[in-house]
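Architecture at a glance
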Amino acid sequence: MINYNTFLILPIFKINKFSQNDIFNQKNFISRSSETRSLVQALDASIIFEKIINISIPKSSLLINNTVANEIKNNFDLSLVDLIIFDCSLSPIQQRNLERILQKKIIDRTQLIIEIFGLRAKTKEGKLQVELANLSFEKTRLVRSWTHLERQRGGLSKVGGPGESQIELDKRMINSKIKQLKKSLTKVTQTREVQRKLRKNVSSLIFSLVGYTNSGKSTIFNNLTSSNILVRDMVFATLDTKMGSIKMSDNKKIIISDTVGFISALPTELIDSFKSSLEELFSSDYLLLVHDLSNPNIENQAKLVFDTLISIGFTEEELEKKIINVFNK
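Residues numbered from 1 in each chain as written. Predicted model: local features only at pLDDT ≥ 70, side-chain atom pairs only at ≥ 80, totals over all residues. Heavy atoms only, no water.

A full pass over the atoms with the stated rule returns seven salt bridges. Measuring nitrogen to oxygen at the nearest pair gives 2.5 Å for the salt bridge that ties Arg-109 to Glu-35. You can see Arg-109 sitting in helix H4 (residues 109–120) and its partner Glu-35 sitting in helix H1 (residues 29–42), a full 74 residues away along the chain. Of the two residues examined, Arg-109 and Glu-35, each falls in the buried class. Here Glu-50 and Arg-37 are joined by a salt bridge, their closest N and O atoms 2.7 Å apart. With Glu-50 in strand E2 (residues 45–55) and Arg-37 in helix H1, the pair connects residues that are 13 residues apart, well separated along the chain. (Salt bridge = Lys/Arg side-chain N within 4 Å of Asp/Glu carboxyl O. Helix = DSSP H or I, 4+ residues; strand = E, 2+ residues; numbered from the N terminus. Buried < 20%, exposed > 50% of the residue type's maximum accessible area, 1.4 Å probe, protein only.)

Taken together, the buried positions of helix H7 (residues 217–225) are occupied by Lys-217, Ser-218, Ile-220, Phe-221, Asn-222 and Thr-225. A positive backbone phi angle near 55 degrees is found at Ser-226, which sits one or two residues after H7.

The next subject is the pairing of strand E7 (residues 253–258). Summarising burial for E7: five of the six residues are buried, a large majority. Note: strand E6 (residues 242–247) against E7, six bridges, orientation antiparallel. Directly across from Lys-247, in E7, lies its bridge partner Lys-253. A loop of five residues connects E6 with E7, the two strands running antiparallel in sequence, and Asn-251 in this loop sits at a positive phi of about 70 degrees. (Pairing = 2+ DSSP bridges.)

Below, the discussion takes up the packing of H1 against H4. As a packed pair, H1 and H4 sit with axes 9 Å apart at the nearest point and diverge in direction by 40 degrees. Taken together, the axes of H1 and H4 lie oblique to each other. The handedness of the crossing between H1 and H4 is left-handed. Between H1, through Arg-32, Glu-35, Thr-36, Leu-39, Val-40 and Ala-42, and H4, the contact on the second element is made entirely by Arg-109, Leu-112, Ile-113, Ile-116, Leu-119 and Arg-120. The class makeup of the residues in the contact of H1 with H4 is seven nonpolar, one polar and four charged. (Axes fitted to C-alpha atoms, helices over the stretch in contact; angles between N-to-C directions. Parallel < 35°, antiparallel > 145°, perpendicular 65-115°, else oblique. Left-handed = near helix turned anticlockwise from the far one by under 90°. Contact = heavy atoms within 4.5 Å. Nonpolar A, V, L, I, M, F, W, Y, C, P; charged D, E, K, R; others polar.)

The next point concerns the environment of Phe-221. Relative to the assigned elements, Phe-221 resides in helix H7. Setting aside its immediate chain neighbours within four residues, Phe-221 contacts Leu-209, Ser-226, Ser-227, Ile-229, Lys-242, Met-243, Gly-244, Ile-256, Ser-257 and Asp-258.

This part covers the sheet that holds strand E1 (residues 4–13). Taken together, four strands build an open sheet; the order of strands is E2-E1-E3-E4 and the sheet is parallel. The sheet terminates laterally at E2 and strand E4 (106–108), the two strands that pair on one side only. Geometrically, the sheet is characterised by an average inter-axis angle of 25 degrees between neighbouring strands, direction not taken into account. On the sheet, H4 packs against strand E3 (83–86) and E4 and is oriented at approximately 85 degrees with respect to E4.

Taken over all residues, the pLDDT of the chain has a mean of 81, while the share at 70 or more is 82%. Of all the helices and strands in the chain, helix H9 (residues 275–278) carries the lowest mean pLDDT, 72, while E3 carries the highest, 96. Below pLDDT 50 for its whole length, residues 17–24 participates in 22 contacts with residues either more than four positions away or in separate chains. (pLDDT = per-residue confidence, 0-100.)

What follows deals with helix H5 (residues 124–138). Residues three or four positions apart in an α-helix share a direction because the helix packs 3.6 residues into each turn. Here H5 contains 15 residues, and its C-alpha end-to-end distance of 21 Å stays within 8% of the 21 Å for a straight helix at 1.5 Å per residue. The buried fraction of H5 is high, at eleven of 15 residues. Within H5, the full set of buried residues consists of Glu-125, Gly-126, Leu-128, Gln-129, Val-130, Leu-132, Ala-133, Asn-134, Leu-135, Phe-137 and Glu-138. (Expected span 1.5 Å × (residues − 1).)

With that settled, consider the packing of aromatic side chains. In total, this model carries five aromatic pairs according to the counting rule given. Here Phe-49 and Phe-76 contribute two aromatic rings whose centre-to-centre distance is 5.3 Å and whose plane-to-plane angle is 65 degrees, an arrangement assigned as edge-to-face. Here Phe-49, found in strand E2, pairs with Phe-76, found in the loop between helix H2 (66–75) and E3; they are 27 residues apart in sequence, far enough to count as distant. An aromatic cluster is built from Phe-7, Phe-49 and Phe-76, whose rings are joined through pairwise contacts. (Phe/Tyr/Trp six-rings, centres within 6.5 Å; stacked < 30°, edge-to-face > 60°.)

All right, on to a negative patch on the surface then. Together, Glu-316, Glu-317, Glu-318 and Glu-320 make up a negatively charged patch on the protein surface. Examined against the element boundaries, Glu-318 turns out to sit in helix H11 (residues 316–322). Look at Glu-318 and you get partly exposed, because its relative accessible area is 36%. (Patch = residues over 30% accessible without salt bridge, like charges linked within 9 Å, V, L, I, M, F, W, Y side chains within 5 Å. Areas by Shrake-Rupley, 256 points an atom, 1.4 Å probe, with all protein chains shown as cover. Lys, Arg positive; Asp, Glu negative; His and termini not counted. Charge placed at Lys NZ, Arg CZ, Asp CG, Glu CD.)

In this structure, Phe-117, Phe-236, Leu-266 and Leu-309 are the most contacted members of the largest nonpolar core, which totals 43 residues. Mapped onto this core, the elements with two or more residues apiece are E1, H1, E3, H4, H5, helix H8 (268–273), strand E8 (286–292) and helix H10 (298–311). Among the elements that take part in this core, H4 stands out by supplying five residues, more than any other. (Core = buried A, V, L, I, M, F, W, Y, C linked by side-chain atoms within 4.5 Å.)

Below, the structure is given as structure tokens:
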């Protein structure tokens, strides 16, 4: 794995009337920035420069103003940097213009998380889901997205996109590939549904572990099921859904599933792509919501998990009946 040298930009948006999806205030800034550094670490990258930028009025063409962009260009040795990461959502125009000014590859928080998912996906289904999320994001770009970093390292310092006709051709190819991926995922979903029904027949109860990423779900899963799945102090250390069982005295089994962890500003492309995996949660009798007691932001994390579960189709009434709180660490 190649280790990238990165420049991390941490914006603080002072007002929330603009259509930025990731407005956050000073109170949770420390937690958010710490989380982002963990994301960069999960990409096997090193942060050599870091800058906090206060943004009162986001510029539609650049996000930051020209003065700040020139300060970054003149005050930091960007020749040492492979990649500049903005901890927010960038529009295609903002990304393109920043790359032109800074003459470096730029990615935003969405691309960072999708890239990490690409590294972590091991099963066929997981890889299909990540590729679908990547393409769904890429088709919104006016220029080629810069995902799959390892395979494109030779072109890291190049900026600018293909010609307009090439962009349109790319969009048609992307749409065609998306259709193929959705068809493949439909087959996987059908197989998963058959397996789900079989599990229901042989088990008395099904529990699914849910929670914020790195809350310790995999450790609990290993302890409950005597399994040995990867456990690391890292965001998204495991991605693909894992299944285990506990044998009961009446020859019945309790099924335990370990699902992907959630995170703030989880890209909608990933939520949409992973819905087939997350459907396991709907067939569960109970959801074991794992809380990390060592994290000072525990309440906000719990709310984010709850809101994400609502966004994928649960009602508040269902969650009140299904959730069992588990306190870890």
